[in-house]
Each structure stands twice: as structure tokens, then as C-alpha cells.
Amino acid sequence: MLYIDSISKGIVIDHISPGRGFRIFQYLELDKSDFTVALIMNAPSKKQGRKDVIKIENNIDLDLRVLGIIDPTVTVNIIRNEKIVEKIKLSPPEKVEGVIKCKNPRCVTSTEKNVTQSFSLLDKEELSYKCDYCDHIFNWEV
Ligand SMILES: [Zn+2]
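Residues numbered from 1 in each chain as written. Predicted model: local features only at pLDDT ≥ 70, side-chain atom pairs only at ≥ 80, totals over all residues.

So, on to the sheet that holds strand S2 (residues 37–45). The sheet built from five strands is open, its strands ordered S2-S3-S1-S4-S5 with antiparallel pairing. Here the strands that pair on one side only, and so sit at the sheet edges, are S2 and strand S5 (83–89). If you compare each strand with its neighbour and ignore which way they point, the axes differ by 20° on average. The sheet contact formed by strand S1 (residues 9–16) and strand S4 (residues 75–80) spans six bridges and is antiparallel. Each bridged residue has a counterpart across the sheet, and for Ile-13 the counterpart in S4 is Val-76. (Pairing = 2+ DSSP bridges. Helix = DSSP H or I, 4+ residues; strand = E, 2+ residues; numbered from the N terminus. Axes fitted to C-alpha atoms, helices over the stretch in contact; angles between N-to-C directions.)

Okay, the domain arrangement of the protein next. Along its sequence, the protein is organised into domain 1 (2–89) and domain 2 (95–139). Measuring from the centre of the C-alpha atoms in domain 1 to the corresponding centre in domain 2 gives 26 Å. (Domains from an automatic or database assignment.)

Residues Ile-13, Ile-16, Ile-24 and Ile-54 are the most contacted members of the largest nonpolar core, which totals 22 residues. Of all the secondary-structure elements, those providing two or more residues to this core are S1, helix H1 (21–27), strand S3 (49–56), helix H2 (64–70) and strand S8 (128–131). Among the elements that take part in this core, S1 stands out by supplying four residues, more than any other. Each residue touching Ile-13, except ones within four places of it in the same chain, is listed here: Ile-24, Val-53, Ile-54, Val-74 and Val-76. (Core = buried A, V, L, I, M, F, W, Y, C linked by C-beta atoms within 7 Å. Buried ≥ 20, exposed ≤ 12 C-beta atoms within 10 Å, placed from the backbone. Contact = placed C-beta atoms within 7 Å.)

Now for the pairing of S8. Here S8 shows a clear split, with Tyr-129 and Cys-131 buried on one side and none of Ser-128 and Lys-130 buried on the other. Taken together, the four bridges between strand S7 (residues 118–123) and S8 define a ladder with antiparallel strand orientation. Residue pairing for S8: Phe-119 is matched across the bridge by Cys-131. Between S8 and strand S9 (residues 137–139), which pair antiparallel and follow one another directly, the connecting turn spans five residues, one of which, Asp-135, has a positive phi of 65°.

Secondary-structure assignment places Val-37 in strand S2. On the basis of neighbour counts, which here come to 19 C-beta atoms within 10 Å, the residue Val-37 falls in the partly exposed class. As for Val-37 and Ile-54, which are separated by 17 residues in sequence, their C-alpha atoms are 7.2 Å apart. Those residues in contact with Val-37, other than ones at most four positions away along the chain, are Leu-30, Lys-55 and Ile-56.

Below is the structure:
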């Protein structure tokens, strides 16, 4: 609750695994935003020990699917009039199309221009995905 006090309207991305906040921040291109944003790293958390938090003082369109791929532990809070009006829990999607890129240079999605990247969830805990075309494993940590 401490961290939403100063925000009257917008989005708070809470319970981000420590270290993943910056990745989400970059993915959402918040460094280019012209409204108030805050990335809080290693905030104390009762649930996790430590967590990252992102506060966005604006209503932007969030691709929740992408957030679920980057870090499914996060909770997205929608704030209006200094109150949480919606709490969204995420989960990693089973299928991802056109979001992450296959790193195999010989994959058809790398060699052909018009093939949409397509991945299937392989491991929920490790957040790894398998390319549907070449079986190459995608993992954020590598
Ligand atoms: Zn591939």
C-alpha cells in the first residue's frame, strides 16, 4: 500500500521478481514515456522477501500477455481516484505468437520474412518456450 499512495490514476505493476523490473520497464519502453513512471527495485515484500515495482501515472495499453511471458508472478493494479479498482493476476500463456524471437539463425522464422514467430510454453517455472518450427528453446535468462 505504501507504494500506491502517491499515485491517483494509472497502473501499478506489483510483485515483480527482483531483477525483472528493469526488463519489463524496457519492454514497455517506459524510458521513452512523457508521463511519470517509477521503477522501484528490491522493495521489501512480505510475500517474496524482495520485489520490484513499477508505477505508471497514466492509463496505457498494457500487453498483459507479454507481461505474463516476462514474469508471471506480477500483479497489475489499475488505480483510479487513489484506489485499486482492478487487480489482475497473470499467468504465462500456453501459446505465444509474434512476441518473442527465435534465436536459431537457421530457423524458418529467421530466414523467411513472412513467418510469424510461434512458441509453446515448455516449463512454467523456468519460463521457457519452445519454437514451434525448429524446437529451439527460448529462455529469458539466457
Ligand atoms: Zn525456431
